[in-house]
Structures are given as C-alpha cells and as structure tokens.
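A structural walkthrough
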Amino acid sequence: MLSLRIKKISDSQIIFCNESENQKLITEIELTDKTVILIGSEGGFSNNELKTLKDRGAISVSLGKNILRVDTAAISALSIVKSLKMI
C-alpha cells in the first residue's frame, strides 16, 4: 500500500499499469532526467493506489494488452523510456 503522505514524487511520474481509462501514450509525455517510473506489484495497483498517485500528478500509460510479471514489466518500461530519451 502506498503511503498517503506522498505529495509529489517528481515533475514527471509515469505509472505503467493495465488500467483501461485515461491512459496516455508514452510518446505524449515529456521525459526528463528526473522521470520516476512506477510499476505495481504482482496483481497491479489497487484503485485507491492509482487514485492517490494520479491526485499527486502521476500519468498512467500502458505497456500493451498483455499483463506482464513485475520483473518483466520493469525491464520493458526501462527499455521504452531509454529508447525514447535517445531520440
């Protein structure tokens, strides 16, 4: 469970999750050197955790239709972000 004391993690916070509503494309987000990537545990984020993160400025994006294991999701997310930062 996320601490509700979190005010803002960084200027650019990305939540990689399988949520179906209000997701942006990763290419629509300004990536900075201070971008924070948030990946849920096995089973994903709870609705309360997603709401808390979004209330604090996090942006929800998808890694695709497949649900990945947490370790695979982390590697995929970092690969995507790194490839976009090189462009």
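Preceding this section is the structure that the text describes.
Here's what I pulled together on the structure shown here. (Residues numbered from 1 in each chain as written. Predicted model: local features only at pLDDT ≥ 70, side-chain atom pairs only at ≥ 80, totals over all residues. Heavy atoms only, no water.)

1. Things to note about the sheet that holds strand β2 (residues 36-39)
We count it as follows: DSSP bridges decide pairing: two strands pair if at least two such bridges lie between them. Only DSSP runs of H or I reaching four residues or more are called helices, and only runs of E reaching two or more are called strands; each is numbered from the N terminus. To get an axis, a line is fitted to the C-alpha atoms, and for a helix only the part in contact is used. The angle between two axes follows their N-to-C directions and goes from 0 to 180 degrees.
Pairing is parallel in the open sheet, where three strands are placed in the order β2-β1-β3. Of all the strands in the sheet, the pair left with one neighbour each is β2 and β3 (59-61). Each strand axis lies, on average, 30° off the axis of its neighbour in the sheet, ignoring direction.

2. Details of the pattern of salt bridges
Applied cut-off: Only one rule defines a salt bridge in this text: a Lys or Arg side-chain nitrogen within 4 Å of an Asp or Glu carboxyl oxygen. Relative accessibility under 20% of the residue-type maximum defines a buried residue, over 50% an exposed one, and the middle range a partly exposed one, all with a 1.4 Å probe and only protein chains included.
For the structure on display, the rule yields two salt bridges. Put simply, Asp71 and Arg69 hold a salt bridge, and the shortest N to O gap is 3.8 Å. The exposure class of Asp71 is partly exposed, given its relative accessible area of 45%. For Arg69, a relative accessible area of 56% gives the class exposed.

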